[in-house]
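Listed below are the residues making up each chain.
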Amino acid sequence: MDIYSGPVFEMARQQFHAVADHLAIPENERDRLLYPKRAIAVAVPVNMDDGRTRVFNGYRVQHHLTLGPTKGGTRFAPKLDLGEVGALAVWMSWKCALVGLPYGGAKGGVACDPRGLSKRELEALSRRYMQEMIPFVGPHTDIMAPDLGTNEQIMAWFMDTYSMFQGHAVTEIVTGKPVAVGGTVGRREATGRGIAYLVARALEAIKHKAAETTAIVQGFGNVGSVAALTLARRMGVKVVGLSDHTAAYYDADGLPLDAIEDHARRHDGVLAGWSKESMIDGEELLTQPCTVLVPAAIERVITEKNAGRLQCRILAEGANGPTTPAADTILDQRQNEIFVIPDILCNSGGVIVSYFEWVQDLQQLFWTEAEINHRLEQILETAFRQIARRGRNDRVSSRVAAMALGVEKVRAGKRLRGLFP
Ligand code: NAD
């Protein structure tokens, strides 16, 4: 299956084989577990404001259909390719299985720079992408959600476009929608809140007081901003470093989050221009001293070049795939110094509350935010304990333990269903 190329899919492939070796999965079974069931590539034509017609590449990959419909985010990013989308779909499968959701993984997106598009162009692109996907998705086939470069508004356009073709409102086709059109309370905050909950559990495990904790967060979008604000406001953590694609700031005495949040709100969500004094190079930021480091932006930022120099006690992987396999080897040697909360657990709050949103839309029965948060924490707690137990018993890293739990469930489903015909 060499249609999935590039460094991100290679990462997913290497991680899978490491876990498959650990589980002694025969070679004969591996391709069926690893390679996605379906990959869809579409041309997405858009009439631009300057009169040109541009054609963007759109993708959707559905990893496995063994345990239910597929589920996954939609990424709008300039260099997006099939390998990256495929890797994200594979990770999503292990994540859903780990936390017990009845889904296979999926991912999709469009290779574009959403910041370079006018609002009208962005809406046209979003609607045409969804229209191209209609034959391949559905509330019982594949349910979309937001990811890097997409947001609640884009999910509302997706939902509207799909619904127009059905002739009635189909709210359950996407999650991460605004509450006013069938979204759920707590979804926008879910990934960041989940990260904060798991960081609290990791702090307990290493016996470190929340009030004496410092954090550095890379990325100030949906995931990073909520994670930083929740750590600071709910747990009293001092946030000493923050970055996005435009700027990075570090202050050992703590950054003023209210002022930074206000700045970002008034400047299109970006951090650039807030202060000259606390500026630092974005890569340098990752190796500054802190208790908790939260990469919450893009993949492959913790590499063999910086893994040995990290000065955190907890690495809470908010982003998908932030740590390369070469960096993992170094982190394995530093297991007593750095507690890793692997991505498929750490950012699973997003898909867990997306699942709650889908269930509520199907039933047309909505829950309170307290119920959402309570159920979210129950699921995270169970997975956190299972991973800790498995890691101890098998003497493996938390990443291998988490992935082993996910891969095993998918494998068991495939074995029980058998191979058709
Ligand atoms: P987003 O588009 O809302 O925000 C992304 C942030 O990352 C922005 O602040 C951007 O400026 C920053 N960024 C981009 N490149 C950067 C760089 N080189 N250095 C520093 N910052 C950079 O996206 P998001 O939804 O917050 O997603 C972030 C990550 O979390 C992705 O890996 C995504 O797959 C993962 N994730 C998201 C969700 C969700 O619910 N949105 C759920 C699970 C996982």
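Keep in mind that this is a model prediction, so the values were computed, not measured. (Residues numbered from 1 in each chain as written. Predicted model: local features only at pLDDT ≥ 70, side-chain atom pairs only at ≥ 80, totals over all residues. Heavy atoms only, no water.)

## A closer look at the sheet that holds strand β9 (residues 292-295)
With respect to topology, six strands assemble into an open sheet ordered β8-β7-β6-β9-β10-β11, the strand pairing being mixed. Pairing within the sheet leaves two strands with one partner each, and these edge strands are β8 (248-250) and β11 (339-341). When strand polarity is set aside, the average angle formed by the axes of neighbouring strands in this sheet is 15°. Bridging between β9 and strand β10 (residues 314-316) involves two bridges; their strand directions are parallel. Paired with Leu293 across the two strands is Leu315, which belongs to β10. (Pairing = 2+ DSSP bridges. Helix = DSSP H or I, 4+ residues; strand = E, 2+ residues; numbered from the N terminus. Axes fitted to C-alpha atoms, helices over the stretch in contact; angles between N-to-C directions.)

## Overview of the packing of helix α4 (residues 119-133) against helix α5 (residues 152-166)
With their axes 9 Å apart at the nearest point, α4 and α5 run at an angle of 45° to one another. Here α5 runs oblique to α4, going by the angle between their axes. The handedness of the crossing between α4 and α5 is right-handed. In this structure, α4 contributes Lys119, Leu122, Glu123, Ser126, Arg127, Tyr129, Met130 and Gln131 to the contact, and α5 contributes Ile154, Trp157, Phe158, Asp160, Thr161, Tyr162 and Phe165. Counted by class, the contact of α4 with α5 contains eight nonpolar, three polar and four charged residues. (Parallel < 35°, antiparallel > 145°, perpendicular 65-115°, else oblique. Left-handed = near helix turned anticlockwise from the far one by under 90°. Contact = heavy atoms within 4.5 Å. Nonpolar A, V, L, I, M, F, W, Y, C, P; charged D, E, K, R; others polar.)

## Examining the state of the cysteines
What the rule picks out here adds up to zero disulfides. Cys346 provides the cysteine sulfur closest to Cys96, a residue in no disulfide bond, and the two sulfurs are 16 Å apart. Cys346 takes part in no disulfide bond, and the closest cysteine sulfur, belonging to Cys312, lies 12 Å away. A relative accessible area of 0% means that Cys346 is categorised as buried. (Disulfide = S-S within 2.5 Å. Buried < 20%, exposed > 50% of the residue type's maximum accessible area, 1.4 Å probe, protein only.)

## Looking at the environment of Arg415
Looking at the element boundaries, Arg415 is found in helix α14 (residues 398-417). On the accessibility criterion, Arg415 (55% relative accessible area) is exposed. For the pair Arg415 and Gly86, spaced 329 residues apart in sequence, the C-alpha separation works out to 23 Å.

## Focus on the sheet that holds strand β4 (residues 104-111)
With mixed pairing, the five strands of this open sheet are ordered in space as β1-β2-β4-β3-β5. Across the chains shown, the open sheet's two edge strands, defined by having one partner strand only, are β1 (38-47) and β5 (142-146). Taking each pair of neighbouring strands and ignoring which way they run, the sheet shows an average axis angle of 25°. Packed on one face of the sheet, helix α3 (residues 82-98) meets β1, β2 (53-62), β3 (70-77) and β4 and runs near 155° to β4.

## With respect to the side chain of Ser163
Tracing the backbone shows Ser163 in helix α5. Note on Ser163: relative accessible area 6%, which makes it buried.

## Focus on the site of the ligand
Within the structure, the ligand sits among 23 residues, and Asp147, Thr191, Val223, His245 and Asn320 are positioned closest to it. Between the ligand and Gly149, the relevant distance is 2.9 Å, taken from an oxygen atom to a main-chain nitrogen or oxygen of the residue. A distance of 3.1 Å separates an oxygen atom of the ligand from a polar side-chain atom of Arg187. Counting residues per element, the ones that place at least two in the shell around the ligand are α6 (187-205) and α7 (222-235). Of the residues that constitute the shell around the ligand, the class distribution is seven nonpolar, 11 polar and five charged. Here the shell around the ligand spans two domains, and each of domain 1 (7-176) and domain 2 (188-346) adds at least three residues to it. (Near = heavy atom within 4 Å. Polar contact = N/O pair within 3.5 Å; in protein donor to acceptor, adjacent residues only side chain to side chain. Domains from an automatic or database assignment.)

## Digging into α5
Here α5 spans 21 Å end to end across 15 residues, near enough to the 21 Å set by a 1.5 Å rise per residue. Ile154, Met155, Ala156, Trp157, Phe158, Met159, Thr161, Tyr162 and Ser163 are the residues of α5 that are buried. Considering only its buried residues, α5 is in contact with β3, α4 and β5. Between the side-chain oxygen at the start of α5 and the backbone nitrogen of Gln153 there is a gap of 3.2 Å, and the oxygen is on Asn151. Gly167 occupies a position one or two residues after α5 and carries a positive phi of about 90°. (Expected span 1.5 Å × (residues − 1).)

## Some remarks on the domain arrangement of the protein chain
Structurally, the protein chain comprises domain 1 (7-176) and domain 2 (188-346). Taken over C-alpha atoms, the centre of domain 1 sits 26 Å from the centre of domain 2. With 17 residues of domain 1 at the interface, the matching set in domain 2 holds 14 residues. Looking at the side of domain 1 facing domain 2, the largest losses of area belong to Met11, Trp91 and Lys95, adding up to 34% of the total buried there. In this structure, the connection of domain 1 to domain 2 is made through two salt bridges. With a closest N to O distance of 3.0 Å, Glu299 and Arg75 form a salt bridge. Inspection of the region where domain 1 meets domain 2 yields four residue pairs in polar contact (both at pLDDT 80 or more). In terms of residue count, the dominant contributor to the side of domain 1 that touches domain 2 is α3 (six residues). Among the residues making up the side of domain 1 that touches domain 2, the classes are represented as eight nonpolar, two polar and seven charged. (Buried area = accessible area lost by both parts, 1.4 Å probe. Salt bridge = Lys/Arg side-chain N within 4 Å of Asp/Glu carboxyl O.)

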